Amino acid sequence: MKKIVLTGGGTAGHVMPNIALLPYLSGCEVHYIGGSGIEKQLIAEQKGVIYHEIPCVKYVRGKILDNLPIPFKLAKSVSAAKKIIKDIKPNVIFSKGGYVSLPVAYASGKIPLITHESDMSLGLTNRLIKHRCCKVCTSFDVTAEGLKNGVYTGAIIRQELYGGTRHSAYPTLLVMGGSLGSAAINDCLLSCIDTLTQQYTVVHIVGKGKASGKKIPRYVELEFCSFMADVYADADVIISRGGANSLFEIAALNKKALIIPLPKGASRGDQVENAEYFRRKGLVRVLNQDELTPNRLINELEKTQSFAPSSLEVDGTKRVAELLLRT
């Protein structure tokens, strides 16, 4: 039986694509190496996946002193990952990025290593490990063009998202800021929520620990959503950050969306790049965070309501899985 190691974590965006691959790997012995974060919680819900926990260390942007211990902590993480990989003896290791996957990639040795980059530009971990990989799979065509070992596969998308059932008879606005939430979007939305709920049922995924507790008619507040297929099916309009996973899901489902990317400075600028690519393709509308006000949000939503998104084939889940099975 083929043995496959999956890794990735820190945010749900580095875990959910791995979960999306699992139905295609049903004939394999699947192991997951991760930390104690959200990846452990999400993988625990998946049947037949053997989880291995290692200590993980995160790079903190803009805080030099906080990052000084990283080399020593990383060495400990790599050592732990090496022991696990030696015991498993996998045929291939697949990384979905995030700081959780870095020690596993460094510990891969001679085991074939494949990674997947969701964003238009490589994240820190993938920049560090790309030369160790036999293949770097990409969601964006332009990303693969700049890599010697790049393979344009398309995005990894959970297949169950296509099978959602609509329950709401009222126009629905879905608002999501990623698994960690978005204070800027959350605060602005609540500032105009009374106006918005006159037109929509608002489903607001606020992020873990960010619930306001407000009880407002036609306003549903969730810290995290485990039934996204139905939520997407209900959504007539979506407000989202510019994370690649969300963008590709929105495109795959051909939903009307207003994207408010995380600005450069708060990130490496990847969400701004992602959002601009999707805007140029006619897939979404974009509002920069520095222009975000309650009145502007309401006006932009009205324009998005009448927006007709282009259609684009973006789903590369099966192609990535087939590459793992062939390696």
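Shown above is the structure to which this text applies.
Keep in mind that this is a model prediction, so the values were computed, not measured.

K.L.:
I'd like a rundown of the overall build of the protein, residues and numbers included.
P.N.:
Within the protein, the regular secondary structure consists of 14 helices and 13 strands. Rg of the C-alpha trace for the protein: 20 Å, near the compact-globule value of 20 Å for 327 residues, within the 12% margin. Considering the protein as a whole, with its 327 residues, one finds that 51% of them fall into the buried category. Counting every atom, the protein has about 15,100 Å² of accessible surface; 52% of that belongs to carbon and sulfur.

K.L.:
Explain the side chain of Thr 153 to me, and be specific about the residues and the numbers.
P.N.:
One can find Thr 153 in the loop between strand 7 (150-152) and strand 8 (172-176). A residue is classified by how much of its surface remains accessible, and Thr 153, at 3% relative accessible area, is buried. The residues touching Thr 153, leaving out its near neighbours within four places in the chain, are His 116, Cys 137, Thr 138, Gly 316, Arg 319 and Val 320.

K.L.:
How would you explain the sheet that holds strand 9 (residues 201-205) if you had to name every residue and give the values?
P.N.:
An order of 10-9-8-11-12-13 is seen for the six strands of this open sheet, with the pairing classed as parallel. A strand with exactly one partner marks an edge of an open sheet, and here the two such strands are strand 10 (219-222) and strand 13 (285-286). Judged from the five bridges that link them, strand 8 and strand 9 form a sheet pairing that is parallel. Opposite Met 176, over in strand 9, you have Ile 205 as the bridge partner.

K.L.:
Any chance you could break down the sheet that holds strand 3 (residues 49-53) for me, citing the residues and the numbers?
P.N.:
Ordered in space as 3-2-1-4-5-6-7, the seven strands form an open sheet in which the pairing is parallel. Every interior strand has two partners, whereas the edge strands, strand 3 and strand 7, have only one. Averaged over all neighbouring strand pairs, the angle between strand axes comes to 25 degrees, with direction disregarded. Looking at chain direction, strand 5 (residues 113-117) and strand 6 (residues 135-138) are connected through four bridges and run parallel. Its bridge partner lying in strand 6, Glu 117 is registered against Thr 138.

K.L.:
Kindly report on the environment of Tyr 232, identifying the contributing residues and their values.
P.N.:
Looking at where Tyr 232 falls in the secondary structure, it is placed in helix 10 (residues 228-234). On the accessibility criterion, Tyr 232 (1% relative accessible area) is buried. Along the backbone, Tyr 232 and Arg 166 are 66 residues apart, and their C-alpha atoms lie at a distance of 8.3 Å. Among all residues touching Tyr 232, those that are not within four sequence positions of it are Leu 161, Leu 174, Met 176, Ile 238, Ser 246, Glu 249, Leu 253 and Lys 255. Within polar-contact distance, the side chain of Tyr 232 engages the side chain of Glu 249 at 2.7 Å.

Rules used in this analysis
- Residues numbered from 1 in each chain as written.
- Predicted model: local features only at pLDDT ≥ 70, side-chain atom pairs only at ≥ 80, totals over all residues.
- Heavy atoms only, no water.
- Helix = DSSP H or I, 4+ residues; strand = E, 2+ residues; numbered from the N terminus.
- Rg over C-alpha atoms; globule rule 2.2 N^0.38 Å.
- Buried < 20%, exposed > 50% of the residue type's maximum accessible area, 1.4 Å probe, protein only.
- Areas by Shrake-Rupley, 256 points an atom, 1.4 Å probe, with all protein chains shown as cover.
- Contact = heavy atoms within 4.5 Å.
- Pairing = 2+ DSSP bridges.
- Axes fitted to C-alpha atoms, helices over the stretch in contact; angles between N-to-C directions.
- Polar contact = N/O pair within 3.5 Å; in protein donor to acceptor, adjacent residues only side chain to side chain.

Function-wise, these values are silent; they only describe arrangement.
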